[in-house]
Amino acid sequence: MKYLLIICLIVFGQLAIAAENTAAEATDFAVLIAQAEEKFAESKTVGHAWTVTADRLGDARKASAAGDMKLAKANAKEAIKLAELSIQQAQVETKLWQQRVPK
Amino acid sequence: MNWKKLPALFLALMLSGQAQSDPETDYLALQKLYQQKFPDIELAEFKDGVYAIDAKMREQWLEMEDFPAYEIAIDEGEELYNTPFANGKSYATCFGDDPGVKSGYPRFDEDLGKVVTLEVAINQCRLDNGEQALPWLIGDLARISSYMAFASRGKHFDIKIETPAARAAYNVGKQFYYSRRGQLNFNCSGCHQLNVGQMLRAERTSPTVGQATHWPVYRGKWEDVGTIHKRFQECNSQVRSLPLEPQSDVYRSLEYFLTFMSNGMELNGPGSRR
Amino acid sequence: MSNFRALQLTLLLGLLFAGGQVLAQAAGATDSELAERIAAGQKVLEDRKKGNCLSCHLIIGAELPGNTGPPLIGMQARWPDREALKAQISNPVLRNPNTIMPPYGLHRILTDAEIELLVDYIYSL
């Protein structure tokens, strides 16, 4: 009986660790996707959002729903990078566009 | 938003407003650009877009114009235009006896503080008379607009930019036209001014001057007539820039700028393009 | 003595021949590998969702090329520095602020590996 209890405890312990890992992965993704969303919203606000950012956000959600957290996180990270580039484009262009107006 | 920067932003806006708020100067500079690039083509001919530049494409286009695909849209648009609303009134109540009013659109409405395009005016007329607004891009609204464009043929654009607010709206459209956007980093002027008339695959890029004269347009790939805002969205998507809402303030401003660059030109809509 | 010389010569020739064989084999392997990379690079160049280079650049034999950019002919002679060509594809605005060529690397339109393949193909033109 004692042994059974110990075995049970070990099994539960293992299960808990596994669950914790999945939970940690999900938290990672939640942080990344929230960050990606925020950057994407910012790129919209400055009027320079890209279609590909929205595409990667969609891919990230799809992968997350399918349980492929590695792919989900990779897509969320790519969305963040793309959104940052588009915000950078907006910043550069507020200065550069006037040079292109025919004089 | 960094609020500390706000005064600087206002100052920049005021300065930029002073520095680039002369649409007339822009208009003349642009005309000079095309005269230098195409010394043998009269500016007025650019109402036909690339077909003013490319004789072979023009021939194919004129053949298309013998039995234009937009003809049905004009007929249907006329019928829709003349069908009274539920309250007994009609579009003529809003626009007067002559539906050929496109030469004055877009106009800047001081009370609204907004650019009003012909499509906005059509839907506003419907709303004012208890009808529902129609979808912006293709369908009945584009048909009504096609009929009104047809009735406006032969008239010349008379776009007015007279107040500081109107100039500010014009500048928003102008900035949009000259800014790089999308993952592909394109600006409208890159293809339509700097590299105008060059081939992108099998298509030639059209000059900015004359881009507004022939809308709505029947395009083969749409299989219908569509409004200029549909084309804006398409152009934006092609460079992987997230399209804006049709008739959003920025797109209205873009149409305002673009149409002013065709000011004085003859209206020849609706048009047909590949 | 002369026999020894003859042996030496034979050995030397034999070694040279064998070495040549090995070298030839090695070259053969790189050739087919390069051929594969060139074919992959051509796909990157033609794919409308990747390089879509024919929109603007002429390549001899390609269907419906554009003419907005310079033709891609004799590229190894025109761009002998591979790194410079890669930099040009990655961010062409640096050399020409008015270019309409997309910044393939900077804006993550193509991966570094895809740009390498693209250069392999372009160098074969």
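Look up: the structure comes first, before these words.
Residues numbered from 1 in each chain as written. Chains lettered and ligands numbered in written order. Predicted model: local features only at pLDDT ≥ 70, side-chain atom pairs only at ≥ 80, totals over all residues.

Asks: Account for the overall build of chain C, naming residues and giving values.
Replies: In terms of helices and strands, chain C carries four helices and zero strands. Listing every helix and strand of chain C by position from the N terminus yields α-α-α-α. When burial is assessed residue by residue, chain C has 25% of its 125 residues classed as buried. Relative to all contacts within chain C whose residues are 6 or more apart in sequence, the contacts with residues 24 or more apart total 45%. (Helix = DSSP H or I, 4+ residues; strand = E, 2+ residues; numbered from the N terminus. Buried ≥ 20, exposed ≤ 12 C-beta atoms within 10 Å, placed from the backbone. Contact = placed C-beta atoms within 7 Å.)

Asks: An account of the interface of chain A and chain B is needed here, citing residue identities and associated values.
Replies: Taken together, the contact between chain A and chain B spans 16 residues of the former and 21 residues of the latter. Within the residue set of the side of chain A that touches chain B, elements represented by two or more residues are helix H2 (51–65) and helix H3 (69–96) of chain A. Looking at the side of chain A that touches chain B element by element, the count peaks at three residues for H2(A). Residue composition of the side of chain A that touches chain B, grouped by class: seven nonpolar, five polar and four charged. (Nonpolar A, V, L, I, M, F, W, Y, C, P; charged D, E, K, R; others polar.)

Asks: Give a detailed account of the packing of helix H8 (residues 164–178) of chain B against helix H11 (residues 249–260) of chain B, specifying residues and quantitative values.
Replies: Residues and elements named next belong to chain B. Running from N to C, H8 and H11 cross one another at 90°; their axes reach a closest spacing of 7 Å. Considered as vectors, H8 and H11 are oriented roughly perpendicular to each other. Contacts between H8 and H11 involve Ala169, Tyr170, Val172, Gly173, Lys174, Phe176 and Tyr177 from the first element and Val250, Ser253, Leu254, Tyr256, Phe257, Leu258 and Phe260 from the second. When its residues are assigned to classes, the contact of H8 with H11 shows 11 nonpolar, two polar and one charged. (Axes fitted to C-alpha atoms, helices over the stretch in contact; angles between N-to-C directions. Parallel < 35°, antiparallel > 145°, perpendicular 65-115°, else oblique.)

Asks: I'd like to hear about the environment of Ala149(B), residue by residue, with values.
Replies: Residue and element names in this part refer to chain B. Structurally, Ala149 can be placed in helix H7 (residues 140–151). A residue is classified by how many C-beta atoms lie within 10 Å of it, and Ala149, with 32 of them, is buried. Sequence-wise, Ala149 and His214 are 65 residues apart; in three dimensions their C-alpha atoms are separated by 7.9 Å. When residues no more than four places from it in sequence are discounted, the contact partners of Ala149 are Lys102, Trp215, Pro216, Leu267, Gly269 and Pro270.

Asks: So, the nonpolar core: which residues are in play, and what are the values?
Replies: Ala169(B), Tyr170(B), Leu254(B), Phe257(B) and Phe260(B) are the most contacted members of the largest nonpolar core, which has 62 residues in total. When residues of this core are traced back to their parent elements, those giving at least two are helix H4 (71–82), helix H6 (118–128), H7, H8, helix H9 (188–194), strand S5 (217–219), helix H10 (228–238) and H11 of chain B. Ranked by residue count, the leading element in this core is H7(B), at eight residues. Those residues in contact with Leu254(B), other than ones at most four positions away along the chain, are Gly173(B), Phe176(B), Tyr177(B) and Phe232(B). Counting 18 residues, the second largest nonpolar core, distinct from the first, contains Ile33(A), Ala49(A), Ile80(A) and Ala83(A). (Core = buried A, V, L, I, M, F, W, Y, C linked by C-beta atoms within 7 Å.)

Asks: Break down the sheet that holds strand S6 (residues 224–226) of chain B for me, with residues and values.
Replies: All names here are of chain B. Reading across from one edge, S6-S5-S7 is the order of the three strands in this open sheet, with mixed pairing throughout. Of all the strands in the sheet, just S6 and strand S7 (271–273) have a single pairing partner and so form its edges. Shown here is a sheet whose adjacent strand axes are inclined to one another by a mean of 35°, direction ignored. (Pairing = 2+ DSSP bridges.)

Asks: Residue-level account of the environment of Val196(B), with values.
Replies: All names here are of chain B. Among the secondary structure elements, Val196 is positioned in the loop between H9 and strand S3 (199–200). Residues Val196 and Tyr34 lie 162 residues apart in sequence; the distance between their C-alpha atoms is 8.9 Å. Setting aside chain neighbours within four positions, we find Val196 in contact with Lys37, Thr205 and Pro207.

Asks: A description of the packing of H6(B) against H7(B) should follow, citing residues and the corresponding values.
Replies: Residue and element names in this part refer to chain B. Running from N to C, H6 and H7 point in directions that differ by 115°, and their axes come no closer than 10 Å. For the element pair H6 / H7, the angle class is roughly perpendicular. Where H6 crosses over H7, the handedness of that crossing is right-handed. Contacts between H6 and H7 involve Leu118, Glu119, Ile122 and Asn123 from the first element and Leu141, Ile144, Ser145 and Met148 from the second. Of the residues assigned to the contact of H6 with H7, the class counts are five nonpolar, two polar and one charged. (Left-handed = near helix turned anticlockwise from the far one by under 90°.)

Asks: Any details on unusual backbone geometry? Residues and values, ideally.
Replies: Residues and elements named next belong to chain B. Across the junction of Tyr105 and Pro106, the peptide omega takes the value 0°, indicating a cis bond. Of the consecutive residues Gly269 and Pro270, the connecting peptide bond is found in the cis state with omega at -10°. If you trace the backbone, Pro270 turns up in the loop between H11 and S7. A positive phi angle, close to 50°, is found at Arg201, a residue other than glycine. Along the chain, Arg201 turns up in the loop between S3 and strand S4 (203–204).

Asks: I'd like a rundown of H2(A), residues and numbers included.
Replies: Residues and elements named next belong to chain A. In this model H2 runs 21 Å from its N-terminal to its C-terminal C-alpha over 15 residues, within 8% of the 21 Å that 1.5 Å per residue would give. Along H2, the residues that are buried comprise Val52, Thr53, Arg56, Leu57, Ala60 and Ser64. Take H2 and look down its axis: the buried residues cluster within an arc of 145°, on one side only. Residues Gly58 and Ala65 are exposed on H2 and point more than 90 degrees away from its buried face. (Expected span 1.5 Å × (residues − 1). Arc of directions from axis to C-beta.)

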